[in-house]
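Secondary and tertiary structure notes
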Amino acid sequence: MRIMSSTPFASLALPNPRLAAEQIRGILAEHWGVDGTLEEIGSSQDQNFGVTDADGRRFVLKVANPHWRRGELDMQNRAMLHTAANADFDAPVPVPARDGALIVRACGHDVRLLTWVEGRPLCDFGHLRAPVWRALGRLSARSARALAGFEHPELGRDLQWDPRRCAEVLDALGDLVEGEPRELLGRAREAFTTVAADGAGLPVAPIHCDVTDYNTVSGASAGEGLPTGLLDFGDVVRTWRVSDVACAAVSAIAHDLDDPLGVALAVLEGYHRESALSPPEVNAFWPLVLARAAVCAISATQQAAVSPENVLAERAVVDDWAVLRALDGVVTVLGVAASRAACGLEPDVRGAALPELLARAGCAPMLDTAGAVAIDLSVGSDGLAFGAWSDARALAAAVADGAGSDGMALGRWGEIRIEPGPPGERPPATLHLGADAFAAPGTDIRAPLEGIIASHADGEMWLECRAGETVAHVRLSRVEPARAAGDRVARGDVIARVAPATRGLLPPHVHVQLCAAPGLPGMGRPRERAAWLGLCPDPSVLLGADVRAREPRSAGRERDRRERVIASPQRLYYDEPPEMVRGWRHVLYDADGRPYVDAVNNVAVVGHSHPAVVEAATRQLRLLNTNSRFLYGAMTEYAERLSGLLPAGLDRVFLVNSGSEAVDLALRLARAFTGRRDVLALQGAYHGWTKATDELCTNPIDRPGWRDELAAHVHVAEQPDPYRGRFGDDGSRYAESVRRACRAAPDGLAAFVAEPLLGNQGGVEPASGYFAAAYDAVRAAGGVCIADEVQVGYGRTGESFWAFEHEGVVPDIVCVAKAVGNGHPLGAVVCRPEIADAFDRQAPFFSSTGGSPVSCRIGLAVLDAIERDGLQGNARQTGTRLRAGFERLATQHPIIGAVHGRGLYLGVDLVRDRETREPAAAEALAICERLRDLGVIVQPTGDAFNVLKIKPPLCIDADGADHLLGALERTLGERAPRR
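In this report, we go over the structure that sits alongside the text. Every residue gets a number counted from 1 within its own chain, in the order that chain's sequence is written. Where local features are concerned, this predicted model is filtered to residues with pLDDT of at least 70; where side-chain atom pairs are given and counted, the filter is 80 or more; whole-chain, interface and lining totals use all residues. Derived side-chain values reflect all non-hydrogen atoms in the structure, with water molecules and hydrogen atoms excluded from consideration.

**Re the environment of Ile786**
Worth spelling out the cut-off: Note on conventions: DSSP H or I runs of at least 4 residues are helices, E runs of at least 2 residues are strands, and numbering of each starts at the N terminus. The classification of residues rests on relative accessible area computed with a 1.4 Å probe and restricted to protein chains. Under 20% of the type maximum is buried, over 50% is exposed, and intermediate values are partly exposed. Throughout, a residue-residue contact means that at least one pair of heavy atoms, one from each residue, lies within 4.5 Å.
Topologically, Ile786 is positioned in strand β31 (residues 784–788). For Ile786, a relative accessible area of 0% gives the class buried. Here the alpha-carbon distance between Ile786 and Ser218, two residues 568 residues apart in the chain, equals 50 Å. In contact with Ile786, other than residues within four places in its own chain, are Ala666, Leu667, Ala670, Ala751, Phe752, Val753, Ala754, Tyr775, Ile813 and Cys815.

**Focus on the pattern of salt bridges**
Filter applied, for reference: Salt bridges are defined by distance alone: a side-chain nitrogen of Lys or Arg within 4 Å of a carboxyl oxygen of Asp or Glu.
This model, assessed by the stated rule, comprises 73 salt bridges. Between Arg164 and Asp162 there is a salt bridge; the shortest N-O distance is 2.9 Å. Given the relative accessible area of 35%, Arg164 is considered partly exposed. Each of the salt bridges in this network shares a partner with another, and the network as a whole consists of Arg129, Asp258, Glu425, Glu929, Arg930, Asp933, Arg970 and Glu974.

**Side note on the sheet that holds strand β18 (residues 470–477)**
Strands in a sheet are paired, the pairing made by backbone hydrogen bonds, and the direction either parallel or antiparallel. Keep this limit in mind: DSSP calls a pair of strands paired once it identifies at least 2 bridges connecting them. Structural elements are reduced to axes, namely lines fitted to C-alpha atoms, with helices fitted over the stretch in contact, and the angle between N-to-C directions of any two is expressed from 0 to 180 degrees.
Taken in spatial order, the 8 strands line up as β11-β12-β14-β22-β18-β17-β16-β20 in an open sheet, and their pairing is mixed. Two strands lie at the open edges of the sheet, namely β11 (373–375) and β20 (488–489), each paired on one side alone. Together, β17 (460–467), β18 and β22 (509–515) form the strand contacts of helix α11 (residues 349–360), whose direction differs from that of β18 by roughly 95°.

**Some points on the packing of helix α5 (residues 180–198) against helix α9 (residues 311–328)**
The cut-off we apply is this: These descriptions rest on fixed angle ranges, namely under 35 degrees for roughly parallel, over 145 for roughly antiparallel, 65 to 115 for roughly perpendicular, and the rest for oblique. Left-handed describes a crossing whose near helix is turned anticlockwise from the far helix by less than a right angle; the clockwise case is right-handed. Any residue outside Ala, Val, Leu, Ile, Met, Phe, Trp, Tyr, Cys, Pro, Asp, Glu, Lys and Arg is labelled polar, Gly included; the first ten of those are nonpolar and the last four are charged.
In contact at an axis separation of 11 Å, α5 and α9 are set at 60° when each is read in the N-to-C sense. Judged by the angle between their axes, α5 and α9 are oblique. Here α5 and α9 pass one another in a crossing that is left-handed. Counting all contacts with α5, which are made through Glu180, Pro181, Leu184, Leu185, Arg187 and Ala188, the residues of α9 involved are Trp321, Leu324, Arg325 and Asp328. Taken together, the residues of the contact of α5 with α9 sort by class into 6 nonpolar, no polar and 4 charged.

**Digging into unusual backbone geometry**
Its identity as a non-glycine residue notwithstanding, Asp232 has a phi of 55°, on the positive side. Structurally, Asp232 can be placed in the loop between β9 (229–230) and β10 (237–240). Residue Asp232 is classed as partly exposed on the basis of its relative accessible area of 31%. For Arg478, which is not a glycine, the phi torsion comes out positive at approximately 65°. Position of Arg478 among the secondary structure elements: in the loop between β18 and β19 (479–481). Among the residues examined, Arg478 registers a relative accessible area of 29% and is labelled partly exposed.

**Quick look at the packing of helix α25 (residues 871–892) against helix α27 (residues 958–974)**
Relative orientation of the contacting elements α25 and α27 amounts to 15°, with a least axis distance of 10 Å. With respect to their mutual orientation, α25 and α27 come out roughly parallel. As α25 runs across α27, the sense of the crossing is right-handed. Together, Thr878, Arg881, Leu882, Gly885, Phe886, Arg888, Leu889 and Gln892 of α25 and Ala958, Ala961, Asp962, Leu964, Leu965, Leu968 and Glu969 of α27 make up the contact between the two elements.

Read these as spatial facts, not as claims about activity.
In structure tokens:
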């Protein structure tokens, strides 16, 4: 390595200053009259200390690297003062010494004291979501606005961090590494050359040039990670304005190496919304991101070499090379196209023009597609049911069913498909960038225009055709070549043939893709839809048939549409909810074809789209569906099956449409039987949305004002929670509040209603002996006991079919719903005969569609599936696997205070402090958002909304459970500071 002192890289050969703490104390006392505690703060080239004086005031003392000239330090000071005077965010300013100087000379170094900017540095956070990165982009734009008009002679100095110097830095330091790292630097430098060539067209301005996670802080009043202040003005320089947002993007990417493009685009969007970039600046953004990452990586390598004791530099080497590798995995033309799309520009001007240019040039169809029909192979296709996308035979049948008169079917361009395989932590590439022509093996494929066979290998061929001055790249896959690489071909020449289906699941076909650049893949991620389809435009002209799929509505537009007609109290999961399109077993698929482990859907007890349930509903709908006052066998058959699963004596069945209706009816039954009105429920309970059930709601999330709204006839018993309750696991002591309520009811108690497993609390197991004591007290007072099994019954706990069986009690009335119809609106109330008879003496009952023929056939199919598929046993086995995994994570992460529940009704209780057990509600929501990013659907519950509820379909398998555990482990690990 050769670095001369006259170059802008002289500082790279100088180690950080290393003054002792006593020297620092002396400098502070002598020059500023400050005495206080010190804490060394990392720096790549300087030496920094946090200082807190006796009055609690905080400062930063900066000991400059010997490389910095006085003029440069003065420029930094003036830049801070200029920014602080013009900014709408916090920024430090220099503190004058006793003699008024802003820079003092001490111990052979230039030293400054700066005000402290309150907040937590973004580098102290782990994973952060897109709103934070958009805010970082906005801050970058605001900092440039605050520096506008700033002038200083040193603004034009040579600086290694000036992006215009990228090539010089890489050339000067490149021989520090070899092999793969050297290749990474070379590719970044190559991308930078396009910017350097067009650099004269880029606006120049004074910028901070280091708006990074190290130098931005988030104040306590801001949302998690939202930046409120900017530090470290050491790199202020006059350079390309767009460089600021590129620097910010590189630092953000370090927080999510799996999604470098998504993170970078979020930063870019934030900047562009705050301060619009010109088209040349947008074009330069992605190459500058690569260049900045390369400079950071090689500079960190150099700094670690000259300052081996600098732990910060050592860690930076690992982090910065990881960022560069992540960026290198993004196709450069995609990075540029996606940046343009994010800023409202045509993603790729060349690509947009290709179809018309080819048509003008007289492009001929590559296959005979007369009579061919475009078929639907999308995520929402009617032809792909019951996991057909993972079954070659089912896929072949779907293609054959949709084929045209000549037997040819066409798979559509721009279609979002399901990629076979289980959910993963990264969204799969599901956007089809070409078109498929399903044809017999050996079918000829012809050149559309005169061109050259650029390459062919492993069933893939690239053809280059010239349309005027533009080269079109045509990608063919699943083919056998008929011409050699390098051959020139004429329009209409046979260049390949459809290959036999030797790999993949689709039947024989040729994938035809029109590309603006060579080497592009056949599938892309839907999130970059505009960019990918700009680079790979509509190939209809190559096939002589319309192969365009209809453009899907975005989840954001679907949400806007919903909010115009759906009443606002009907809330959605997630800040930015995905649109769900399909479910299969324990997996949900969104409109992008992204699979998620569904860990929250106790409604789909036997799994989404269960074939037997679908068949039962379809058959009965074809046969009869009418109101429940007609005589038909399905109702009796279902009631017999249901009552046969309950203890003797519980044999009178009412059929309704939902859990709310079931509990509401159970209350009416109890009141009719006892002649009383007063009802007892547990604190934190939720039993439905009808008026009668809502009166029992004491959950602060669902009914925040319940204490003020509590009706005189509603009594509330203490929650028998062994974890948070005051009596621990002593059920008899909690039952005392039940006895008090029985005594407090002026005319006696009608009923006590509770979940035998406290589902609404996240599967909390009631204190030992509680329900036996509570039921005894209620019955002694003449009341009846209602078990709400809507969430926790039907084999979910694994060990028994009903949750109350674990408690060793038998209720008088049982309410079920949700699971009984596998998502179809069906509920039931089962009671003792004398209770039903008492109700009958007052009035008849009917529910028009409750217990309809279709509902009852579905209910029977669900019971059959639970038994036939061994789902109760799976709930026990897989639930044990999950619980053990959660308990293992609890030993590693103090945020897990407890693990609740049994079988496949579990709760992970999150706390801020294990001693105080303070609920971590905000953290729970953030964790659920991150889990969704990683392909898992989980939501919080409990009085404080801090318990992760785990209640998946009972068919969830070991792979699904392990993915859930792995995603949670990663999410909890990411909450640690990045550095």
